[in-house]
Amino acid sequence: MTPGSIRPEPILPAAIRPEPLLEVQGVGKTYGSVRALAGVSASVGAGEVLCVLGDNGAGKSTFIKILSGTHQHSEGTLLAFGVERRFAHPREALDLGIAAVYQDLAVVPLMPVWRNFFLGSEVTRGRGPLRRLDVASMRATTKHELGRMGIDLRDVDRPIGTLSGGERQSVAIARAVYFGAKVVILDEPTSALGVKQAGVVLSYIARARDRGLGVVFITHNPHHAYPVGDRFLLLQRGTSMGDFAKSEITIEEMTALMAGGAELEALAHELERP
Amino acid sequence: MTPGSIRPEPILPAAIRPEPLLEVQGVGKTYGSVRALAGVSASVGAGEVLCVLGDNGAGKSTFIKILSGTHQHSEGTLLAFGVERRFAHPREALDLGIAAVYQDLAVVPLMPVWRNFFLGSEVTRGRGPLRRLDVASMRATTKHELGRMGIDLRDVDRPIGTLSGGERQSVAIARAVYFGAKVVILDEPTSALGVKQAGVVLSYIARARDRGLGVVFITHNPHHAYPVGDRFLLLQRGTSMGDFAKSEITIEEMTALMAGGAELEALAHELERP
Amino acid sequence: GCTATESGADTAAAGEKVTIAVVTHGTAGDSFWDVVKSGAEQAGTDLGATVTYQGDGDPVKQSQLIEAAIAAQPDGLIVSMANPDGVKSAVEKAVAAGIPVITINSGLEKSLEFGAQTHVGQSEFIAGQGAGEQLAAANVTNVICIIHEAGNSGLEERCKGTADTVGATVSNVQVDVANLADAQNTIKSKLLADPSIDAVLTLQTGVAVAASQAIDEAKSPAALATFDVSADVTRLIQGGKMLFAVDQQPYSQGYLPVTFLTLQKRNGDVVGGGLPVYSGPGFVTKENAAQVAKFAENGTR
Amino acid sequence: MTVAVGAGIDERKKRAHPLLTLVRRPEIGALVAALAIFLFFSVSTQAFLTPAGISTWLYSASLFGIMAVAVALLMIGGEFDLSAGAMTGTTGLIVGVVTTQWGLNIWLALVLALAVALSIGAGNAWVVMKTGLPSFIVTLATFFILQGCNLALTKLITGSVAIQGMGAVSGFDQVKVFFGSSFPLLGMDVKISIVWWIALTALATWVLLRTRPGNWIFAVGGQVTSSRQVGVPVFKVKLGLFMTTAGAGWLVGMLQLFDVSTVQATTGVGQEFIYIICAVVGGCLLTGGYGSAIGAALGALIYGMTLQGIVFAQWDNNWLKAFLGGMLLLAVLVNLLVRRQSGVRA
Amino acid sequence: MTVAVGAGIDERKKRAHPLLTLVRRPEIGALVAALAIFLFFSVSTQAFLTPAGISTWLYSASLFGIMAVAVALLMIGGEFDLSAGAMTGTTGLIVGVVTTQWGLNIWLALVLALAVALSIGAGNAWVVMKTGLPSFIVTLATFFILQGCNLALTKLITGSVAIQGMGAVSGFDQVKVFFGSSFPLLGMDVKISIVWWIALTALATWVLLRTRPGNWIFAVGGQVTSSRQVGVPVFKVKLGLFMTTAGAGWLVGMLQLFDVSTVQATTGVGQEFIYIICAVVGGCLLTGGYGSAIGAALGALIYGMTLQGIVFAQWDNNWLKAFLGGMLLLAVLVNLLVRRQSGVRA
Ligand SMILES: Nc1ncnc2c1ncn2[C@@H]1O[C@H](COP(=O)(O)OP(=O)(O)OP(=O)(O)O)[C@@H](O)[C@H]1O
Ligand SMILES: Nc1ncnc2c1ncn2[C@@H]1O[C@H](COP(=O)(O)OP(=O)(O)OP(=O)(O)O)[C@@H](O)[C@H]1O
Ligand SMILES: [Mg+2]
Ligand SMILES: [Mg+2]
């Protein structure tokens, strides 16, 4: 099956774009009486970074929650590795190698940092009734992976709820990168991060891309999105405003699209002291 | 009492800087066995914007929680409007006209948006036993203030927990701006915001400053900090690296200080496709 | 009870439909009141009357149950009055509504005053006095009385009655009937703490079994006696592990008033003549245990 | 390509039927469940719908209801009070003991009992707030202590486990007008406690939805740190709630005392959970921050109707608890279904 | 001006005494409280520290403890089971009825009772997870239903409200070896239930701290959405927890049955809260996500020692509950103090 032949408006010839790992066609989602997303089509292939951009409340988080199996879409179809899917549980997505960082981070505040890092994918040793957690190795891995992000935790046994906002976000990112086998989905991963840590995350994304993973990346910062993105999906008020390749759009156009035009110029003046 | 004469190293002559509204001298804070902040001195005067910058876990949130009365400092002194203070409850700070936006937003998820907006400062009408909430006016105000920020809520009666991350943050900011009489403290207010909304927040800060309020503003984005800031307090690993006036520092220097030097250049190369 | 109605509804007086409501202060599952209930229901079956049974130890709730019963307009009402003041207005309401009332078990003193026709049973205090006399005959000096439901006035009365006649120190011990294993343990603790205890009086059959094992485990010489009878209790008596069991004959406290009220409805008989009908006291000892055992097996003693 | 902000009707929101908006309240599920149970017993039993029958179950519901409403406020505020049941006994016993044994004026006795109740409530609040221990465990300790004191002190002072001779106390009949009387209405014999119940439910609803303290109750139950940060006086709110519950305990204690003119040492023990059940059936969340007073009143109505309905239905009382459990499950399920249908969250 | 990452000892962390790190466990407070109560009764009463005395309170603690450990696991997983108490009665009654009335083989009867218990546990889990209703209310309904069925069915089948003649059933003595026997140790008469208790506590601790399911229990109790998002099988974990609790109910039911060789229809009613008390005294949070099995076992020890200690002290038993309440408050306060001192959070 060549999904390229089904997609309504192929933007690049199917030959050039890689086979999509994840693809949605006309998906939508309704929360009770609130229509959060409608008719969005997009795809991400191996070695591609799909940036999802849009205003607050545009439906970005809803979009990635559908991809990661947290919510089920109310309309449209979702194809994972070419097969139509309807994830009943995030576990199903994880088992296919799709890992996500959620905007609310999906951590358990009272649990130690290292237990949070490995939650759901614990490392064990021994067999049968003696199968037990390999605590030492999990602790060491956690400390190491966080160190690589420039986060030097005093104590990986502290409850994660006592970390600062950025530290907590770093744990969630390090975890997704560590476990994401084929697709990594990141919902505003850099929002609470310092300049250095944000840089590390961007380089992670680039490296994951280079290793042939598909990456879905949500951000409000065009300066973060443009350098790493290959394709840009623009959402507005729950609907898609288009899915652009990097070659089709400049950073200025993109910023203008995200912000709603000329208003930014006016702002620069306003910030000056009167 | 002229606090300028006590401050160990006055950066500008006391005559030029306005009287400080809030001032800390050598404050520190310890959580159990974790030392989060030590020996930090800084001040913010009327019509001034103090930007607090620093890495993740540097102690920025801890710093502003001391200013806003959420945590008590374990060492040093805090002066509010020239009087030494030790806030036992955020209410005391609020009563002095100090309003804050916390990094975790301080909202009650199950309560409607408008009730959250006015929580703690409800508008009432009628008298004696007939004194009751002025629901209509509070609803209208909430809708209007959010509209000014570019957030067009479908229904201010929805529980705030169902809003998107950025929408929720906007409510917290609009509230602080609406109620902040003398000092407004903002902890990473733009982290979850879209380009447009972030611009609106920056213009709010500029306008508050122009109205003669003191503003304390935390951000990881040098492009947000530099245009509006008057003074820049740099924290690192819980200690102060200095308190600079805008004239003493350029945006490049500041970015370099925040990020830890040359690493950023290397990053730009790394993000390129191999 | 419907068979009688079907066979000769038009002719026989016995076929006339009678409903009788029983409202006691016994909580559901209490072994004593369960036998009362069985007696009342058996009488209903035997006589072709419909008997409803409800119980609640709280006077407010018991009053509500009585009023609910009155709302259904029965032909007779049977009430136990552990706390006569508490059900006074409800009983008087029934009397005012023209419903014949018989009181059972406790409340003998106030029965006529409230307008009841007669009283069937034996007050807990008198039964306690009986137990006290029997224990006194065994020359005991230090008795513990095991209260299995804290604050239950009927149980308090039994202990009080015992203390009244036994001529020895009587101290109460609280246990929880819902946790017999722990009750056994508590009795054992008490026996260990005070080796001078030479008699244990339980007020319930399950607790009696537990107490007998506690005495064994504590290697105490204390004698055991209980209120109420069950198969296990008769076995203990026959085995010489228990002195006696006080038998208030609860079955008849349920059976008799239903019979009286049915007769009154069908035949106009007003039994008792304003005087109480005593249902006890009976004592089960080694001599008569064998006889009682077979009734106890049926749950009617 | 600018965004059309506020362009009339929002295309992102489905139109909701106006009626649907009206019924999107936490108590709607309880209302439907109550109606279902009412219909069930009205049809299946004869006495349920007679005036005498109605006044019986209304009275039963009213005593649960007064406490359930207070407990619901407390639960919305994020706390439990397990001493609420025993409190009804304590206040009744205080009045009984000081009037029958020590001859105190009955009005003074009432005030004394209220003062004791309020101090115990304040004590609960104080311990909970100062130590940060869960109220579940603190008030459980209070419950045990009250239960023990009720029994031991009553026995010590009166020599028995129940108050006798209350009806003979001078002034009893005056007080009974307020707490133990009844009046005829449409052929029913309406007990005064039903009036108290309705009045308190209305008051609690007004406070919750239309006053500042009401707003604060939702806030402290929903997120206590956030509430503190925006300046809600958390301690005062919780203090007020615990004292309200204790005060309601006093009221129910008086209503029971002056209805049956006696009170036992065990009065109220085990009732505390019934209040919580009523509140939860009425839509309160156990985790706090959500619920309604009307819902709790409806929960009590469901409980009262079921309890008496089973009696009217003349089912074997050994099964009582099983029926009660089944009804409870049914009521919460209906509640859930209705709320899901009407789009109420939580 | 680059940051010195990982430069040896971190200057931002105060040095902690190694012992302090060791004691920073949730159960440390309960341990100190248990020691305090142990010392108190050892000194103030004579029989408490005799071999016979020790075996009494150990036995008492063991029955509460087995359930408390299971309930603690469930509470850490964020749920309650109020039917746990009645379950001990149900299983005992099943074995009693089918052996004494229907002559079933006693071993078969045991298996049958276990199967019933596990299905009820699974049913609880299923309803809780499928409807999203709070487990507090679902298991309360189960509790009522069990309580009703225990009474009504026992009465229906045996004609009385207690099982008689259990000791005469063939095979009784064989089974008693496992559930009702005792053996001498250091002059004490140690009941077998104490062995069960210790073994189960050790097993539960191992599972909680050193296995994947243990990790998941903490996670589902701490934040259920987050757990689901990272792939924890929430349903299976909760199913397992409810079934564990039901299984523990069966075990305690058997231990009681084969100890006193009779069981009543009301057995276990009201005990469910004692288990929760023990778990909370032992450091479990009511809101889930935090606690320990050893802590719950210590909580049961505190409860057992207090219950029997009061008897040994020969205090007026009318005050029993008041003492119990006071001790409970004391225990949680000591617990709190110790944990604050040693820097344990929550
Ligand atoms: N659980 C929910 N119930 C009801 N409405 C919801 C829920 N979650 C999200 N919404 C609504 O759906 C819309 C899209 O939300 P979403 O979180 O996807 O936005 P977003 O693009 O991620 O915004 P942000 O940039 O602020 O994170 C918003 O208007 C939001 O209010
Ligand atoms: N309640 C707490 N208990 C223990 N440690 C804490 C607590 N809150 C914060 N810390 C620690 O104190 C340090 C400073 O935290 P703070 O939240 O002030 O950092 P921050 O500068 O705001 O970081 P970020 O930019 O990530 O928000 C961090 O290392 C954090 O782990
Ligand atoms: Mg989002
Ligand atoms: Mg911060």
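What counts and what doesn't
- Residues numbered from 1 in each chain as written.
- Chains lettered and ligands numbered in written order.
- Predicted model: local features only at pLDDT ≥ 70, side-chain atom pairs only at ≥ 80, totals over all residues.
- Heavy atoms only, no water.
- UniProt positions renumbered as here; feature names shortened; annotations may be inferred.
- Helix = DSSP H or I, 4+ residues; strand = E, 2+ residues; numbered from the N terminus.
- Polar contact = N/O pair within 3.5 Å; in protein donor to acceptor, adjacent residues only side chain to side chain.
- Contact = heavy atoms within 4.5 Å.
- Core = buried A, V, L, I, M, F, W, Y, C linked by side-chain atoms within 4.5 Å.
- Buried < 20%, exposed > 50% of the residue type's maximum accessible area, 1.4 Å probe, protein only.
- Donors = N, O, S within 2.8 Å, 3.2 Å for Na, K, Ca; no water.
- Pairing = 2+ DSSP bridges.
- Axes fitted to C-alpha atoms, helices over the stretch in contact; angles between N-to-C directions.
- Buried area = accessible area lost by both parts, 1.4 Å probe.
- Salt bridge = Lys/Arg side-chain N within 4 Å of Asp/Glu carboxyl O.
- Nonpolar A, V, L, I, M, F, W, Y, C, P; charged D, E, K, R; others polar.
- Least-squares fit on C-alpha atoms with pLDDT ≥ 70 in both.
- Parallel < 35°, antiparallel > 145°, perpendicular 65-115°, else oblique.
- Left-handed = near helix turned anticlockwise from the far one by under 90°.

- Under an unreviewed UniProt entry, chain D has the name Xylose transport system permease protein XylH and belongs to Cryobacterium sinapicolor.
- Listed in UniProt under the heading Function (unreviewed entry), the comment for chain D reads: "Part of the binding-protein-dependent transport system for D-xylose. Probably responsible for the translocation of the substrate across the membrane."
- In its Subcellular location (unreviewed entry) section, the UniProt record describing chain D reads: "Cell membrane".

- Going by what an unreviewed UniProt entry lists, chain A is known as Sugar ABC transporter ATP-binding protein and is assigned to Cryobacterium sinapicolor.

1. Points about the side chain of Asp134(B)
Residue and element names in this part refer to chain B.
Point 1. Mapped onto the elements of the fold, Asp134 is located in the loop between β8 (132-133) and α5 (135-148).
Point 2. Reaching out from Asp134, the side chain makes a polar contact with the side chain of Arg125 at a distance of 3.5 Å.
Point 3. If sequence neighbours within four positions are ignored, Asp134 has contacts with Val123, Thr124 and Arg125.

2. Focus on the nonpolar core
Point 1. Grouped together as the largest cluster of nonpolar side chains are 319 residues, with contacts concentrated most on Phe63(A), Phe63(B), Leu77(C), Ile276(D) and Ile276(E).
Point 2. Residues within four places of Ile276(E) in sequence aside, it is in contact with Phe136(D), Val71(E), Met75(E), Phe80(E), Leu82(E) and Leu286(E).
Point 3. One finds Leu133(A), Ile151(A), Ala208(A) and Ala225(A) within the second-largest nonpolar core, a separate group that totals 50 residues.

3. Quick look at the coordination of the magnesium ion (ligand 3)
Residue and element names in this part refer to chain A.
Point 1. Surrounding the magnesium ion (ligand 3) are the protein donor atoms Ser61 (OG) and Gln103 (OE1), which sit 1.9 to 2.0 Å from the metal. A residue pair is termed long-range when its members are at least 10 positions apart, and Ser61 in helix α1 (residues 60-67) and Gln103 in the loop between β6 (98-101) and α3 (113-118) qualify at 42 residues.
Point 2. Judged by relative accessible area, which is 18%, Ser61 ranks as buried.

4. Examining the sheet that holds strand β9 (residues 183-187) of chain B
Residue and element names in this part refer to chain B.
Point 1. Read across the sheet, six strands follow the order β6-β9-β10-β3-β11-β12 without closing on themselves; strand pairing throughout is mixed. At either end of the open sheet lies a strand with only one pairing partner, and these are β6 (98-101) and β12 (239-245). In this sheet, neighbouring strand axes are inclined to one another by 15° on average, regardless of whether the strands run parallel or antiparallel.
Point 2. Bridge analysis of β9 against strand β10 (residues 214-218) gives five bridges, and the strand direction is parallel. Pairing of Val183 across the sheet is with Gly214, part of β10.
Point 3. In this fold helix α2 (residues 60-67) packs onto β3 (49-54), β6, β9, β10 and β11 (231-236), with an angle of close to 155° to the strand it touches most, β10.
Point 4. Strand contacts of helix α7 (residues 195-210): β3, β9 and β10, with the helix running at about 155° to β10, the strand carrying the most contacts.

5. Considerations on the interface of chain A and chain B
Point 1. At the interface, 48 residues of chain A touch 48 residues of chain B.
Point 2. Between chain A and chain B, a total of about 3600 Å² is buried, with carbon and sulfur atoms accounting for 49% of that surface.
Point 3. At the junction of chain A and chain B, the tally comes to four salt bridges.
Point 4. In this structure, Lys196(B) and Asp55(A) form a salt bridge, with 3.5 Å as the shortest nitrogen-oxygen distance.
Point 5. In this assembly, chain A and chain B are joined by 14 residue pairs in polar contact (both at pLDDT 80 or more).
Point 6. Only β2 (34-45), α5 (165-179), α6 (195-210), α7 (222-228), α8 (251-259) and α9 (263-271) of chain A provide two or more residues apiece to the side of chain A that touches chain B.
Point 7. Take the side of chain A that touches chain B: its biggest share by element is 10 residues, from α6(A).
Point 8. The residue inventory of the side of chain A that touches chain B, partitioned by class, reads 16 nonpolar, 14 polar and 18 charged.

6. Details of the relation of the copies chain A and chain B
To go from the first copy of the chain to the second, apply a rotation about an axis and then a shift along the same axis.
Point 1. Taken as rigid bodies, chain A and chain B are interconverted by a rotation of 180° and an axial shift of 0.0 Å, the fit giving an RMSD of 0.0 Å. Put plainly, the chains are arranged around a two-fold axis. Looking at the rotation axis and the C-alpha trace of chain A, the residue lying nearest is Ser191(A), at 2.4 Å.
Point 2. Looking at chain A, 100% of its interface residues are interface residues in chain B too, so the copies touch through the same face.

7. Section: the interface of chain B and chain D
Point 1. Every contact between the two is made by 33 residues of chain B and, on the other side, 31 residues of chain D.
Point 2. Carbon and sulfur atoms make up 57% of the surface buried where chain B meets chain D, a total of about 2700 Å² over both sides.
Point 3. One salt bridge in this structure joins Arg212(D) and Glu122(B), with 3.1 Å as the shortest N-O distance.
Point 4. Taken together, chain B and chain D are joined by nine residue pairs in polar contact (both at pLDDT 80 or more).
Point 5. Looking at the side of chain B that touches chain D, the elements with two or more residues in it are α3 (90-95) and β8 of chain B.
Point 6. In terms of residue count, α3(B) provides more of the side of chain B that touches chain D than any other element does, three residues in total.

8. Points about the packing of helix α9 (residues 205-217) of chain C against helix α10 (residues 231-238) of chain C
All names here are of chain C.
Point 1. One can describe the packing of α9 onto α10 by two numbers: an axis separation of 9 Å at closest approach and a directional angle of 40°. Looking at the two axes, α9 sits oblique to α10. Both α9 and α10 take part in a crossing whose hand is left-handed. Residues Thr205, Ala208, Val209 and Ser212 of α9 form the contact with α10, whose participating residues are Asp232, Val233 and Leu236.

9. Regarding the packing of helix α8 (residues 180-193) of chain C against helix α3 (residues 51-76) of chain E
Point 1. It is the contact of α8(C) with α3(E), at a shortest axis distance of 10 Å, that shows an interaxial angle of 160°. The pairing of α8(C) with α3(E) is recorded here as roughly antiparallel in orientation. When the axes of α8(C) and α3(E) are compared, the crossing they make is left-handed. Across the interface between the two elements, Ala181(C), Asp182(C), Asn185(C), Lys188(C), Ser189(C) and Leu192(C) of α8(C) pack against Ala52(E), Gly53(E), Ser55(E), Thr56(E), Tyr59(E), Ser60(E), Leu63(E) and Phe64(E) of α3(E).
Point 2. Among the residues forming the contact of α8(C) with α3(E), the class breakdown is six nonpolar, six polar and two charged.

10. Remarks on the arrangement of the chains
Point 1. When the eight pairs of chains in contact are compared, the highest contact count belongs to chains A and B.
Point 2. Chain B makes no contact with chain C; the smallest distance between any of their C-alpha atoms is 35 Å.

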